[in-house]
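Per-entry structural report
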Amino acid sequence: MGWSRICPSQHGESRVMALIVQKYGGTSVGSVERIQAVAQRVVQTVKAGNSLVVVVSAMGKTTDGLVKLANELSPNPNRREMDMLLSTGEQVSIALLSMALQALGQPAISLTGAQVGIVTETAHTRARILQIKTERLERHLKEGNVVVVAGFQGITDTDDLEITTLGRGGSDTSAVALAAALHASFCEIYTDVPGILTTDPRLVPDAQLMAEITCDEMLELASLGAKVLHPRAVEIARNYGMPLVVRSSWTEEPGTWVVSPMPQVRSLEGLELVHPVDGVEFDTDQAKVSLLRVPDRPGVAARLFGEIASQNLNVDLIIQSIHESNTNDIAFTVTRTSLKQAEAVASAILPALSVGITPLDRDAEVMVEDQIAKVAIAGAGMIGRPGVAAQMFSTLAAAGVNIRMISTSEVKVSCVIDQSDCDRAIAALCKTFSVNTSAVSDQPSAISHQSPKALNTPHPSPLTPPVRGVALDLNQARLAIRHIPDRPGMAAELFQLLAHQNISVDMIIQSQRCRVINGSTTRDIAFTVGQLDADMACAVLQKAAPDLGCGEIVVDREIAKVSIVGSGMVHQPGTAARMFEALAQHKINIQMIATSEIKVSCVVAREDGITALRLIHEAFGLSGIQQTQVST
Ligand code: ADP
Ligand code: ASP
Ligand code: MG
């Protein structure tokens, strides 16, 4: 259609003849009056000379109501029928908005996902978009209509033309995918808050609005519990370089821009099924310090990492595994040149940390390893695709590489391995994921000791604040698999089993200490999954455990995951320590820690979740004077 591409100003104003995709969430279309207000805003945008596609969610809490009805009939309703049911909500709101526009004299037409041609895969209740056919949309736009599209839904291109939905909150994804398919100038997400804030203003009213945030930061925040944007919407914006802004439906304020890296030329075929991995990274300048059998009580991590930070040592990965009896293991990586200092700090404070361990336990100890390397796969396409991490583990297993430490984020999976395995691991990963990092894969260690970071990662300056946002996820459960034989391939087998059920896993942590059972060495692995997947994950693992030689599976649903996110933390030693200190001061015990370059997540008791969020938000100085009222 040849839309001219314009650059949106920071105030969301557009110049003449832009094509804009606007999306209005459930609260914004929650009543007839609100639909009329949306219609007014749409008409204003058209009068300013723009063409408009408007995506809407179901009115208010309609979708929740439909889910409730289904659950009254069955605890586990058929997924196809769920899609049939839930997709009705959006059909109501598109018709009403279209009528409201027509009543204002604005030509408009409503279209369902199927009518537009939003083609998805068949995976009911969580389908990914494969393609959007734009011919009909473009025809209606050319005729001067505002096209009102039902968010959250699509259709399969099988003979049966099945109705699908994209997963809860998926209208954001519909909007950004439409914007990408139509080569729109930008995509505006209108919602019930002024934009993206430092945390959820419903829980922390003095959370502050951000003028902009990077896609990588937003991806982490969205997947760690900030529901203001669907993570897959951010992924599409990132992949297609689509300018995206989150704004309030009630005001003219500019909102928050989600900043993408350089726009890339990408095929629109297989829209959401792009290459999951963009790059393989490695770092051979790594050493690992483990503290075994430190007491499981508030303040231990704060004390340890506080000391490390006071020596100005920058810590990379940190993990703390589930506790056995009354002790924990904590492991972290530093650069090799920092190892001696880090070891000295850890050894010096160990006696102080260990006070109170019962005599039944063996003594706490510090272990160091300097012959290690970190390999990672990176890419926004791995979001919600549990098979990708599992594929990494299988690839390493097939290459005979034992995984020593695992750290996951939404856009990266990192594994610590023996340094002697590094070249083999990189070559195998590049092959599996068809990543063309030939310079790295040919002769990795000869070229550089530091990985070239993914080209797309925006480089934070030392002035970037370490933490941009804080998120709380109360919908997670923790699973632990005890006594897993310590040999290559075990993580692969276990996580493949979950991936086959489409269960996404986060915070995978392998215990540092070994236990010898019947002559063979075993370790524990703990991880978090969404609460809805916990039963299924447990059942699958329980079934497989005896054959794999693993012990019992333990589930804990009473957890909360609280996370800090910010690309500036790479430059700021002590960021994690500050988070741990905030929790320690209020005697909140940390059950699990997992980090990636731009996030630190802690699992705490569910009852401590909201307090933990507030304390951490405060500790990083993110609170402001302005209070955000959220309309319901
Ligand atoms: P919509 O129906 O418009 O899609 P959602 O309820 O899905 O709206 O998302 C908006 C909500 O996201 C806000 O009301 C707020 O409670 C929540 N939220 C969570 N974290 C954040 C954050 N960091 N910034 C803004 N809103 C957030
Ligand atoms: N109505 C759907 C839901 O509530 C989709 C959305 O609002 O984004 O999940
Ligand atoms: Mg939403």
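First, a word on scope: everything that follows refers to the structure included in this document. Quick caveat, the model's predicted, so the values are computed rather than measured.

1. Considerations on the side chain of D506
Take D506: it is sitting in strand β21 (residues 505-510). Of the residues examined, D506 reaches a relative accessible area of 11% and is grouped as buried. Every residue in contact with D506, bar those within four places of it in the chain, is listed here: L224, T408, F527, T528, K561 and K599.

2. Some remarks on the side chain of T63
With respect to the secondary-structure elements, T63 resides in helix α2 (residues 62-73). By relative accessible area, which is 9% here, T63 ends up buried. T63 has contacts with A58, L86, F152 and R168, leaving out every residue within four places of it along the chain.

3. Details of the environment of I553
In this structure, I553 sits in strand β24 (residues 553-556). In this structure the C-alpha to C-alpha distance between I553 and H483, which are 70 residues apart in sequence, comes to 9.7 Å. In this structure I553 touches L479, A480, I481, C538, L541, Q542 and A545, once residues within four positions along its chain are discounted.

4. With respect to the packing of aromatic side chains
Applying the stated rule across the entire model yields 6 aromatic pairs. Here the aromatic rings of Y24 and Y190 are separated by 4.8 Å at their centres, their planes lie at 10 degrees, and the arrangement is stacked. Within this pair, whereas Y24 is found in strand β1 (residues 19-24), its partner Y190 is found in strand β9 (residues 186-191), the two being separated by 166 residues in sequence. What makes Y24 buried here is its relative accessible area of 1%.

5. Focus on the site of ligand 1
As a matter of local geometry, ligand 1 sits amid 17 residues, with T191, D192, L197, D200 and R202 nearest to it. K23 places a side-chain nitrogen or oxygen 3.0 Å from an oxygen atom of ligand 1. Between D200 and ligand 1, the recorded distance is 2.7 Å, taken from a side-chain N or O atom to an oxygen atom. Considered on its own, ligand 1 offers 570 Å² of accessible surface; in the complex 91% of this is hidden by protein. Split by residue class, the shell around ligand 1 holds 7 nonpolar, 5 polar and 5 charged.

What counts as what
Residues numbered from 1 in each chain as written. Chains lettered and ligands numbered in written order. Predicted model: local features only at pLDDT ≥ 70, side-chain atom pairs only at ≥ 80, totals over all residues. Heavy atoms only, no water. Helix = DSSP H or I, 4+ residues; strand = E, 2+ residues; numbered from the N terminus. Buried < 20%, exposed > 50% of the residue type's maximum accessible area, 1.4 Å probe, protein only. Contact = heavy atoms within 4.5 Å. Phe/Tyr/Trp six-rings, centres within 6.5 Å; stacked < 30°, edge-to-face > 60°. Near = heavy atom within 4 Å. Polar contact = N/O pair within 3.5 Å; in protein donor to acceptor, adjacent residues only side chain to side chain. Areas by Shrake-Rupley, 256 points an atom, 1.4 Å probe, with all protein chains shown as cover. Nonpolar A, V, L, I, M, F, W, Y, C, P; charged D, E, K, R; others polar.

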